[in-house]
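Chain residues, written in single-letter form:
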Amino acid sequence: AYEAVFSKVTWAKGPDHHTADPIAIYVAVKGVGPYFKETKGGHCHVFDNGTMEWRPSPSDPRRSYVADLADESQGEAAAAKFEELIVTAERKRLAK
C-alpha cells in the first residue's frame, strides 16, 4: 500500500520513508474491521506547533478517526497482522 500511494510523493521523502500511520494505510486498503473502530463526529484541532488533538465539539458528521481497537482482546491479533503485512512487503522489496 505504501508503494502504491507514495511512489510519487516528494514532500515526505518518497516511498522509502513516510510518516503516515500504518493504521491509516491498513484502513484505506482493508477497511476498519475487524480490528479497529471508527469514532464519528468531532474534529481534528491542529495546534501552532503542528501537534493534533481530536475534539468532540464542534461536531462535524463528515469527520471521523480510527485509532482504537474494536475489542481489546484483538490487540495481539492486530499486531500479528501488521507484522505479517510489513514483513511480506519487505521480503518482496528485497527480492526485486
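Relevant structure appears above.
Residues numbered from 1 in each chain as written. Predicted model: local features only at pLDDT ≥ 70, side-chain atom pairs only at ≥ 80, totals over all residues. Heavy atoms only, no water.

> Go over the pattern of salt bridges with me, naming the residues and quoting the values.
What the rule picks out here adds up to four salt bridges. Linking Glu53 and Arg55 is a salt bridge whose minimum nitrogen-to-oxygen distance equals 2.7 Å. We note a salt bridge from Glu84 to Lys81, for which the minimum N-O separation is 3.5 Å. In this pair, Glu84 and Lys81 both sit in helix α3 (residues 75-95), three residues apart, roughly one turn of the helix. Judged by its relative accessible area of 42%, Glu84 falls in the partly exposed class. (Salt bridge = Lys/Arg side-chain N within 4 Å of Asp/Glu carboxyl O. Helix = DSSP H or I, 4+ residues; strand = E, 2+ residues; numbered from the N terminus. Buried < 20%, exposed > 50% of the residue type's maximum accessible area, 1.4 Å probe, protein only.)

> Can you explain the nonpolar core? Please cite residues and give values.
Judged by nonpolar contacts, Ile23, Tyr26, Val27, Tyr35, Phe36, Ala78 and Phe82 together constitute the single largest core of seven residues. Among the secondary structure elements, those contributing two or more residues to this core are α2 (22-30) and α3. Here this core gets three residues from one element, more than from any other, and that element is α2. Contact partners of Tyr26, with chain neighbours within four places excluded, come to Gly31, Gly33, Pro34, Tyr35, Phe36, Lys81, Phe82 and Leu85. (Core = buried A, V, L, I, M, F, W, Y, C linked by side-chain atoms within 4.5 Å. Contact = heavy atoms within 4.5 Å.)

> Lay out α2 with the relevant residues and their values.
Helical periodicity: at 3.6 residues per turn, an α-helix aligns residues three or four positions apart in one direction. Every buried residue of α2 is accounted for by Ile23, Ile25, Tyr26 and Val27. Looking one or two residues beyond α2, the residue adopting positive phi is Gly31, at roughly 95°.

> How would you explain unusual backbone geometry if you had to name every residue and give the values?
A cis amide bond links Gly33 to the next residue, Pro34, at an omega of 5°. Mapping Pro34 onto the fold places it in the loop between α2 and β1 (36-40).

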